Amino acid sequence: MKRKPVVGVIGNAHRVEDRFATQLVGERNLRAIADVAGALPLMFASSPDITDVGALLEVVDGIVLTGARANVHPTHFNVEPCEKHEPYDVSRDEVALTLSRACVERGIPLFGICRGLQEMNVAFGGSLHPEIRELPGRMNHRMPRLENGEIHPDPGVVFADRHEVRLVPGGAFATILGREKIRVNSLHGQGILQPGKRVIIEGVAEDGTIEAIRIADAPGFALGVQWHAEYDPQRNPINRALFKAFGAALTSQGR
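Fair warning: this is a prediction, and the values are worked out from it, not measured in the lab.

Participant: Just to check I follow, could you spell out the sheet that holds strand E13 (residues 222–225) for this structure?
Facilitator: Hydrogen bonding along the main chain pairs the strands of a sheet, whether they run parallel or antiparallel. The strand order across the open sheet formed by nine strands is E4-E1-E5-E6-E13-E12-E11-E8-E9, and the pairing between neighbours is mixed. Taken across any chain shown, the strands that pair with only one partner, and hence form the sheet edges, are strand E4 (40–44) and strand E9 (181–184). The average undirected angle you get between the axes of adjacent strands in this sheet is 25°. As defined by bridge partners, strand E8 (residues 163–167) adjoins strand E11 (residues 199–205) across three bridges and the pair is classed as antiparallel.

Participant: Teacher, can you tell me more about the pairing of strand E1 (residues 6–10) here?
Facilitator: Within a regular beta strand, the side chains point alternately toward one face of the sheet and then the other, so they alternate between its two faces. Extensive coverage of E1 is indicated by the burial of five of its five residues. The alternating pattern of E1 places Val6, Gly8 and Ile10 and Val7 and Val9 on opposite faces, both of which are buried. Bridge analysis of E1 against E4 gives five bridges, and the strand direction is parallel. Bridged to Val9 within E4 is Met43. Where E1 and strand E5 (residues 62–65) come together, three bridges link them in parallel fashion.

Participant: Explanation requested: the pattern of salt bridges in the structure shown.
Facilitator: A side chain of one charge can pair with a side chain of the opposite charge if their charged atoms are brought near each other. This structure, assessed with the given rule, holds 11 salt bridges. With a closest N to O distance of 2.9 Å, Glu131 and Arg133 form a salt bridge. The residue Glu131 makes a salt bridge to Arg142 at a minimum N-O spacing of 2.5 Å. Residue Glu131 is found in the loop between strand E7 (127–129) and helix H5 (155–158), and its partner Arg142 is found in the loop between E7 and H5; the two are separated by 11 residues along the sequence. The exposure class assigned to Glu131 is buried, which follows from its relative accessible area of 8%.

What counts and how
Residues numbered from 1 in each chain as written. Predicted model: local features only at pLDDT ≥ 70, side-chain atom pairs only at ≥ 80, totals over all residues. Heavy atoms only, no water. Pairing = 2+ DSSP bridges. Helix = DSSP H or I, 4+ residues; strand = E, 2+ residues; numbered from the N terminus. Axes fitted to C-alpha atoms, helices over the stretch in contact; angles between N-to-C directions. Buried < 20%, exposed > 50% of the residue type's maximum accessible area, 1.4 Å probe, protein only. Salt bridge = Lys/Arg side-chain N within 4 Å of Asp/Glu carboxyl O.

What follows is the structure, encoded as structure tokens:
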């Protein structure tokens, strides 16, 4: 039997009971890869001392950089850190930025989601703003909360489509999705400020926030989205099409 393609899924630093160091991945990411991309998800640690990027890329057919609560550390784009924009995950930064460049160089399919898009941008020389909603004319892109400040308990509300994204006509996303306007969810504070040198903007929200990118001249699939595409791609046609396209790119590698 022909083996399934293997997709490396980056882990996130987490502490159980504020004491026990762990690595975790949201299950929606794993199921999106398995159910829609038709691949075997394989979580790897975002710890540079135990994760050899070169060795990892020898055994996987693609990489997914997932969303995460932590912001990319601003020193990666020459900005001083601020306590109010914590937490940071500097170990993940190191692994993800190195991995983004290595995947593009080797033509290994790379799909960045939320923080993953931000990491791809920084990896190629771009910058981020820690609170997009503070910029003039921008909407609040953070997840919905109750009046008491708690996160809304209903995932259907949290992950509901909240704004439009206009796609570049004839671009990679418009081609994959077969349309030039889509609606997506929104669960982020940080976002792209200045795109990196090889970062091509392919989708923009109605308030000007960058929502979809590709890496110029990448020999393989190298796309990133600001929304959480891992949410319900089993039924959401936009997210399903993206994971299907990623899955097709995995099998075209012939590894």
